[in-house]
Amino acid sequence: MKFYEKLDCLMNITKTTNSALSLYLSLDSSHVSRLRRNERRLVPNAEYIDKMATYFVRQCGEPYQKRLLSEAIKFSVDLFDDPEKAIEKVKLWLLDDEKSEAD
């Protein structure tokens, strides 16, 4: 799964709009839209990735959202008991294909 597909998946699970995420990340909503449609590549070491991961973990408040996210990322739903670990897992998942393509 590519970054843009993962971003779209997370946004669908959390019912997040481009504008809501862009406000949280302090980015233009058109930038988020382009990332989501694969019209803009993720910048290596982008500062907003940490914030993005934090946002999505915090938005997964419902049990079904936690289950869907844990299935997508392939980790135990119990990881949500430690938000910092969940955030790190989401961040690494988002960056996974970008690192392998850069190598």
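For the structure, check the block above.
Every value quoted in this text rests on a predicted model; they were computed, and no experiment measured them. (Residues numbered from 1 in each chain as written. Predicted model: local features only at pLDDT ≥ 70, side-chain atom pairs only at ≥ 80, totals over all residues. Heavy atoms only, no water.)

A. Main features of the environment of Ser70. Structurally, Ser70 is set in helix H5 (residues 63–73). Once the C-alpha coordinates of Ser70 and Ala20 are considered, the two residues, 50 residues apart in sequence, prove to be 22 Å apart. Ser70 has contacts with Phe75, Ser76 and Val77, leaving out every residue within four places of it along the chain. (Helix = DSSP H or I, 4+ residues; strand = E, 2+ residues; numbered from the N terminus. Contact = heavy atoms within 4.5 Å.)

B. Geometry of the packing of helix H2 (residues 18–25) against helix H4 (residues 48–59). Running from N to C, H2 and H4 cross one another at 125°; their axes reach a closest spacing of 10 Å. Taken as axis vectors, H2 and H4 run oblique relative to one another. Note on packing geometry: the crossing formed by H2 with H4 is right-handed. Between H2 and H4, the contacting residues are Ala20, Leu21, Tyr24 and Leu25 on the first element and Tyr48, Lys51, Met52, Thr54, Tyr55, Phe56 and Arg58 on the second. Here the contact of H2 with H4 is composed, by residue class, of eight nonpolar, one polar and two charged. (Axes fitted to C-alpha atoms, helices over the stretch in contact; angles between N-to-C directions. Parallel < 35°, antiparallel > 145°, perpendicular 65-115°, else oblique. Left-handed = near helix turned anticlockwise from the far one by under 90°. Nonpolar A, V, L, I, M, F, W, Y, C, P; charged D, E, K, R; others polar.)

C. Just the packing of H2 against helix H3 (residues 29–36), in detail. It is the contact of H2 with H3, at a shortest axis distance of 8 Å, that shows an interaxial angle of 115°. Crossing angle aside, the handedness with which H2 passes H3 is right-handed. Contacts between H2 and H3 involve Asn18, Ser19, Leu21 and Ser22 on the former and, on the latter, Ser29, Val32, Ser33 and Arg36. Each residue belonging to the contact of H2 with H3 can be placed in one class, and the counts come to two nonpolar, five polar and one charged.

D. Structural context of the packing of aromatic side chains. Enumeration over the complete set of coordinates arrives at three aromatic pairs. Centroid distance Tyr24 to Tyr55: 5.0 Å. Interplanar angle 50°. Geometry classified as tilted. With a gap of 31 residues between them, Tyr24 in helix H2 and Tyr55 in helix H4 connect regions that are remote in the sequence. Among the residues examined, Tyr24 registers a relative accessible area of 29% and is labelled partly exposed. Plain terms: the ring middles of Phe75 and Phe80 are 5.6 Å apart, the flat faces sit at 45° to each other, and that makes the pair tilted. The exposure class assigned to Phe80 is buried, which follows from its relative accessible area of 10%. Sitting over the face of the ring of Tyr24, Lys51 holds its NZ or CZ atom 5.6 Å from the ring centroid. (Phe/Tyr/Trp six-rings, centres within 6.5 Å; stacked < 30°, edge-to-face > 60°. Buried < 20%, exposed > 50% of the residue type's maximum accessible area, 1.4 Å probe, protein only. Lys NZ or Arg CZ within 6 Å of the ring centre and 35° of its normal.)

E. Fine view of H5. Considered for burial, the residues of H5 that qualify are Gln65, Leu69, Ser70 and Ile73. Projected down its long axis, H5 shows its buried positions confined to an angular sector of 130°, all on one face. Backbone geometry just downstream of H5 places Lys74 in the positive-phi region, at approximately 65°. (Arc of directions from axis to C-beta.)

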